[in-house]
Amino acid sequence: MASKKKQRSSTSKGPALKPNDERMRESEEGLYRVLVGSILDHAIFMLDPHGRVVSWNAGAQRLKGYREEEIVGQHFSRFYPPEDVKRGEPQRGLALASAEGRFEDEGWRVRKNGSTFWANVVIAAIRDKAGELMGFAKITRDLTERQLATEQIKASEARLQAFMNHSPSLMFIKDLQGRYLHVNDRFTRAFGLERKDIVLHTDAEIFPAELAAQFQANDARAIAARAGIEIEETARYGDGLLHISIVHKFPMLDSDGQVTALGGVATDITERKRLEEALGQKNIELGTAIRKEIALREHQERLTLIATHDALTGVPNRALLHQRAEHAVAVSRRSSRLLAFLFIDLDRFKDVNDSLGHAAGDQVLRGVADRLSACLREVDTIARHGGDEFVVLLEEIVGQEEVEQVTARMQQALAEPLAVEGREIHVTSSIGVALYPRDGEVVSTLIRRADLAMYRAKERGRNTVQFYAPDLDSRSGDA
């Protein structure tokens, strides 16, 4: 009996941890470390309570550029821009994480090589069972592409809004549910409304039922026709008077030809109508219609030009270049003709901007675009790729020798000094060339490989031409 009591007493304290359990825990911890260590698209690392790095995964090395032996023991504030460090942002993040358990933020961060990226950062406080702070877990994601895309969308919308605001007509864009996406200032002033009372609202939510029904019926006609229609609409404006407008409504199509929105331009013709009724002269109506048609066509041509050409130099932009290049590749694939992609970068162009200012730099870019364009045939395309870079598409090429002749003409044309603000500016260029189909069959690949060849031209002294060679891919890290 005593032995049984003793046995129960010995088990009341709980079983001792078995070797198998220990191995299982160690295995789980090892698997966790392997899992975290193998993640490449997230930087995951630990900080001690003072913000010093104590662990580092492969994703952190890939994103920030530091090897583990370089960064462990260093303070994590080195990942912040100097101005953020000066404002105490690193310490603020740790303090909030410590106080609230978790802190999330987005902002620019700095890599080892000094380049920056837009990061989503989560800092979580780690505490022991007694609640004592042991350190912090930190996860960072690179959201640069999303941020740049967001900024580009905002900039694009701002340009669209500025363009619409310069129109003397009422302008609007609606989605397929009839909600207003954009209206110009003329529209808001005409109806005496704030933009917030219009955008993301339907006609039925804004206007009296009869007027809303008129607008909605004409919208449906334009969408069903899949083409622009022109109608008269009568509406009571904010001044309390009825106004008659000529309204051009048109479906807006995406690249696949699908209707995605409805656009409209409404021109107030109330006074014109009164004059027509008073005078009874048909020629006034005809003359006004002709002038409106001309203005509308010019307006549409300006929209097309803005959408497809570089505002500074007047040459095609990237979008038009890619459109033409895709078409040229499709034609060349059937005809077995060659194409050449030339990636042109002006040598030391930054010196012009730094010494003479951006206005002078803009003059140089316009002059360079004109000279390069003069070296090309009508079938060829030159586009501004960005900054001081241009891309040229040569179609119907016989061979490499013909490309060399074109690039020689370009460099000769640029050798003549440009007159800018009373000074003579000497410009040279480095040119990289990729040939279709020898160097690739995809437009983006050909442009990238022409870019690689251009960098080789830079390395070999600038003011020269280099053709793409396969060894450039291995140097750039491409597969």
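Refer to the structure presented above.
Note that the structure is a prediction, hence the values are computed from the model and not measured.

*Asks:* Is there a simple way to think about helix α10 (residues 209–225) in this case?
*Replies:* Note: α-helices contain 3.6 residues per turn, so residues at a spacing of three or four share the same orientation. Between its first and last C-alpha atoms α10 spans 24 Å; for 17 residues at 1.5 Å apiece the expected length is 24 Å, and the two agree. Residues of α10 that are buried make contact with β5 (170–175), β6 (180–183), α9 (203–206), β7 (229–236), β8 (242–253) and β9 (259–268). At the exit of α10 stands R226, carrying a positive phi of roughly 55 degrees.

*Asks:* Please clarify how helix α7 (residues 144–165) should be interpreted in this entry.
*Replies:* Its 22 residues place the ends of α7 31 Å apart at the C-alpha level, agreeing with the 32 Å of an ideal helix rising 1.5 Å per residue. Where α7 is concerned, the buried positions are T144, Q147, Q161 and M164.

*Asks:* Sorry, what's going on with the packing of aromatic side chains here?
*Replies:* For any two aromatic rings, the description comes down to two numbers: the centre-to-centre distance and the angle of the planes. Applying the stated criterion to the full structure yields 13 aromatic pairs. Arranged with centres 5.6 Å apart and planes meeting at 85 degrees, the rings of F76 and Y80 form a pair that is edge-to-face. Classification of Y80 by relative accessible area gives buried; the value is 6%. Ring geometry for W108 against W118: centres 5.1 Å apart, planes inclined by 85 degrees, an arrangement best described as edge-to-face. Here W108 is found in strand β2 (residues 102–110), whereas its partner W118 is found in strand β3 (residues 116–127), with 10 residues between them in sequence. Of the aromatic side chains, those joined through ring pairs into one cluster are F172, Y180, F187, F191, F207, F215 and Y237. Lying over the aromatic face of Y80, R109 brings its terminal NZ or CZ to 4.0 Å of the ring centre.

*Asks:* What's the story with the nonpolar core in this structure? I'm lost.
*Replies:* Inside soluble globular proteins, nonpolar side chains tend to come together where they are buried. One finds L342, V364, V368, L394, V403 and M410 to be the most contacted residues of the largest nonpolar core, which totals 35 residues. Looking at this core, the elements that each hand over two or more residues are β10 (338–346), α14 (349–356), α15 (358–374), β12 (389–397), α16 (400–415), β13 (418–420), β15 (429–436) and β16 (465–467). Looking at this core element by element, the count peaks at 6 residues for α15. Ignoring anything within four residues of it in the chain, the contact list for V403 reads A340, L342, L394, I397, V433, L435 and F467. Of all hydrophobic cores here, the second largest spans 21 residues; its members include L321, F343, L446 and A450.

*Asks:* Any chance you could explain unusual backbone geometry here in plain terms?
*Replies:* Trans is the common state for peptide bonds, and a negative phi is the common state for residues other than glycine. The omega torsion of the bond from Y436 to P437 falls at 5 degrees, within 30 degrees of zero and hence cis. In the Ramachandran plot, R226 falls in the positive-phi region, its phi being about 55 degrees despite a non-glycine side chain. Tracing the backbone shows R226 in the loop between α10 and β7. With phi around 60 degrees, S336 is a residue other than glycine that occupies positive phi space.

*Asks:* Just checking my understanding: could you explain the pairing of β9 for this structure?
*Replies:* The side chains of a regular strand alternate, residue by residue, between the two faces of the sheet. Across the 10 residues that make up β9, a large majority, 7, are buried. In this structure, β5 lies alongside β9, joined through 6 bridges in antiparallel fashion. Bridging across to β9, F172 finds its partner in G264. As defined by bridge partners, β8 adjoins β9 across 9 bridges and the pair is classed as antiparallel. Counted as the bridge partner of H248 is V265 from β9.

*Asks:* Got a minute to help me understand the sheet that holds β3 in this structure?
*Replies:* Paired through their backbone hydrogen bonds, the strands of a sheet run either parallel or antiparallel. One open sheet accounts for 4 strands, arranged β1-β4-β3-β2; its pairing is antiparallel. Since the sheet does not close on itself, it has two edges, and those belong to β1 (43–47) and β2, each with one partner. Here the average twist between neighbouring strands, direction ignored, is 25 degrees. The pairing of β2 with β3 spans 9 bridges and is antiparallel. Each residue of the ladder has a partner; that of E104, found in β3, is V122. Lying over the sheet, helix α6 (residues 89–100) contacts β1, β2, β3 and β4 (133–142), oriented at roughly 165 degrees with respect to β2.

Reading guide: rules and limits
Residues numbered from 1 in each chain as written. Predicted model: local features only at pLDDT ≥ 70, side-chain atom pairs only at ≥ 80, totals over all residues. Heavy atoms only, no water. Helix = DSSP H or I, 4+ residues; strand = E, 2+ residues; numbered from the N terminus. Expected span 1.5 Å × (residues − 1). Contact = heavy atoms within 4.5 Å. Buried < 20%, exposed > 50% of the residue type's maximum accessible area, 1.4 Å probe, protein only. Phe/Tyr/Trp six-rings, centres within 6.5 Å; stacked < 30°, edge-to-face > 60°. Lys NZ or Arg CZ within 6 Å of the ring centre and 35° of its normal. Core = buried A, V, L, I, M, F, W, Y, C linked by side-chain atoms within 4.5 Å. Pairing = 2+ DSSP bridges. Axes fitted to C-alpha atoms, helices over the stretch in contact; angles between N-to-C directions.

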